[in-house]
Amino acid sequence: MASSLTKDAAKQENTSPASGGKTFFGHPFGLAPLFMTEMWERFSYYGMRALLVVYLIAGGPDAKPGSQGGGLAMPEASSVAIYSVYVAMVYLLAMPGGWFGDRVWGPRKTVTIAASTIMVGHLALAIPGKPTFFVGLALVALGSGLLKSNISTMVGHLYDGPEDPRRDGGFTVFYMGINLGAFFSPLVIGTIGQKYNWHLGFTIAAVGMAIGLAFFLWGTRHLNPKSSIVPKPLSAEEKKATLTKGLVWLAVAAVFYGIVGGTGHFTLNWALIPITIAGLIIPVSVLVRIKRDKELSASEQTRVSGYIWFFVAAAVFWMIFDQAGSTMSTFAEKKTADNVFGINFPSTWFQSVNPLWVMALAPVFAFAWMALARRNREPSTTVKFAMAMVIIGASFFVFAVPMGMASDGTKVSPAWLLAIYMIQTMGELSLSPVGLSLTTKMAPQKYASQMMGVWFLAVTAGDCTTGLLSIAKVDLDGTNVILLQAALAALAGVAVWMYRKKIEGLMGNIR
């Protein structure tokens, strides 16, 4: 448990003597290795994600005429479903990733194992063939899930509790690392993979993760000693029970899919449908379990009740936002002009637009929040979430326009996607870094790392909804479906704003 920290470690809780008094953009120097690790992990992840859908449809009936072959030749609906399920699994596995950090290895060791797993997964993707593709995809999802919760928790460890005024700024700097990696990766990995060789692109993703792992191992001496502590280690009885339960579920799955495959009935949907349904059920069950935990104090349970509002809003937000790599990616590939001033470029470059907007607009948002705070007029977290929902809805209202223009085969200007990504980024900056910081503040002590996993489960719920729609053959490229999603998000934002006083009452003294 956290109380088991030695006196020496406790004295170092908010300082890092090994850093020699150095800071990183005015923050504890331990933020530097975490920033670099996350940047290179995102470089590998977003580069592979930029290639995913176009690689899956390459050589198939839905591929762009004249595009590179050598892909898996899958229909667009199946490709969008695989993409959605993959992204959902990355964030779903953040929950057990947080559990491993809290109960088994501690955050620091968990991140080391996670980065190694991601690297091996990208190397598997670099080997041609469907079996290695799906094995690699699973390993990258597993490693990313293990890493996400724990590295964010270690950022929180660098500060003097939830009230440290530097905390939100630290998470904003950390968020910039995410977007630096996300910006460069489609330009490098996307270009090489889409224009020259898919598997070379996946190999470069593995190299990026290897660099990130090296930075992390170099910088561990600058981290808070708490990051090496297992807050609540499993007892011998719990280890045995957990292992037994895991083996039982593994055996059930092996027998079930063995029968389905052996009888010749297996199709991709036998894997996709159970995963998407689980991705909707698990977030709900996890929140219910935490809310009903008798060990939580009354104030912690009340904060969890307030947190549920933010969770639902975030799920709707990510349902739309994450279609940047699926619905909007295929629109960019097939219905958007691929040249500007006579310069041709691959469609994967559009995946760099959002992080570019983040880097351009994040300082503006940070300055605006600080300026408003000095005048005691900064919007509360609840209002920021409501703003984000309305903004993300507005982005799809705008998206419906070029979709209608392209319905007759006309290719639309890239400016449309640039504008849509700008609008979505404004919503993202109102929700994502704020949500990360909010989660570390509202998390019950018992669930310090796991609550970060709960935050990422909102992404799982949103992407699983998209996955189910794709599996059900709902035309996500249809204008009416786009408008329906836009209206849903905007209405959710209005609901959060209308009930903001009630939500803020549940949050206690956290704003």
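Residue positions within a chain follow its written sequence, with the count starting from 1. The predicted nature of this model means local features are confined to residues of pLDDT at least 70 and side-chain atom pairs, given and counted, to a pLDDT of 80 or more, with totals for whole chains, interfaces and linings taken over all residues. No hydrogens and no water enter the side-chain calculation; it runs on all heavy atoms of the structure.

Draft legend 1. Molecular detail of unusual backbone geometry. A positive phi angle is found at alanine 73, which is not glycine, with a value near 55°. Labels follow the DSSP assignment, with helices taken as runs of H or I lasting at least four residues and strands as runs of E lasting at least two, numbered in each case from the N terminus. Take alanine 73: it is sitting in the loop between helix H2 (31-57) and helix H3 (76-92). Throughout this description, buried means an accessible area under 20% of the type-specific maximum (1.4 Å probe, protein chains only), exposed means over 50%, and partly exposed covers the range between. Accessibility expressed as a relative area gives 35% for alanine 73, which makes it partly exposed. The backbone of asparagine 376 shows a phi angle near 55°, a positive value even though the residue is not glycine.

Draft legend 2. Local environment of the layout of surface pockets. In this analysis the probe radius is 1.4 Å and the grid spacing 1 Å, with only protein atoms considered; a cavity is a set of points the probe fits into but cannot get out of, a pocket is an open set with protein on both sides within 12 Å along at least five of seven lines, and lining residues have an atom within 4 Å of a point. Grid points are joined across faces, edges and corners, and a volume is the space filled by probe spheres set on the points. A volume near 1700 Å³ is recorded for the largest pocket. Of all the secondary-structure elements, those providing two or more residues to the lining of the largest pocket are H3, helix H4 (94-103), helix H6 (130-157), helix H9 (236-262) and helix H10 (269-291).

Draft legend 3. The arrangement of the environment of valine 230 in detail. Mapped onto the elements of the fold, valine 230 is located in the loop between helix H8 (198-219) and H9. Among the residues examined, valine 230 registers a relative accessible area of 18% and is labelled buried. The spacing of valine 230 and valine 135 is 95 residues in sequence and 30 Å in space, taken between C-alpha atoms.

Draft legend 4. How the structure looks around H3. Between the first and last C-alpha of H3 there are 24 Å, a value that for 17 residues agrees with the 24 Å anticipated at 1.5 Å per step. The buried fraction of H3 amounts to 16 of the 17 residues, a majority that puts the element mostly inside the structure. Expected span, for any helix, means 1.5 Å times one less than how many residues it has.

Draft legend 5. Representation of the packing of H3 against H6 in the model. At a minimum axis separation of 7 Å, H3 and H6 run at an interaxial angle of 35°. Facing Ile82, Tyr86, Met89, Val90 and Tyr91 of H3, the residues of H6 in contact are Phe134, Leu137, Val140, Ala141, Ser144, Gly145 and Lys148. Under the convention adopted here, Pro, Cys and the residues Ala, Val, Leu, Ile, Met, Phe, Trp and Tyr are nonpolar, Asp, Glu, Lys and Arg are charged, and Gly plus all remaining residues are polar. Of the residues contributing to the contact of H3 with H6, the split by class is nine nonpolar, two polar and one charged. Lines fitted to C-alpha atoms define the axes, with helix axes restricted to the stretch in contact, and inter-axis angles between N-to-C directions lie between 0 and 180 degrees. Contacts are assigned to residue pairs that have any heavy atoms within 4.5 Å of one another.

Draft legend 6. Region of interest: empty space enclosed by the protein. Going through the model one piece at a time under the given rule, you end up with two cavities of 30 Å³ or more. Quantified by volume, the largest cavity comes out at close to 370 Å³. Lining the largest cavity are 30 residues, and of these Tyr46, Tyr91, Tyr175, Trp318 and Glu428 sit closest to its centre. Looking at the lining of the largest cavity, the elements that each hand over two or more residues are H2, H3, H6, helix H7 (167-195), helix H11 (298-321), helix H13 (353-374), helix H15 (414-442) and helix H16 (448-471). Broken down by class, the residue content of the lining of the largest cavity amounts to 18 nonpolar, six polar and six charged.

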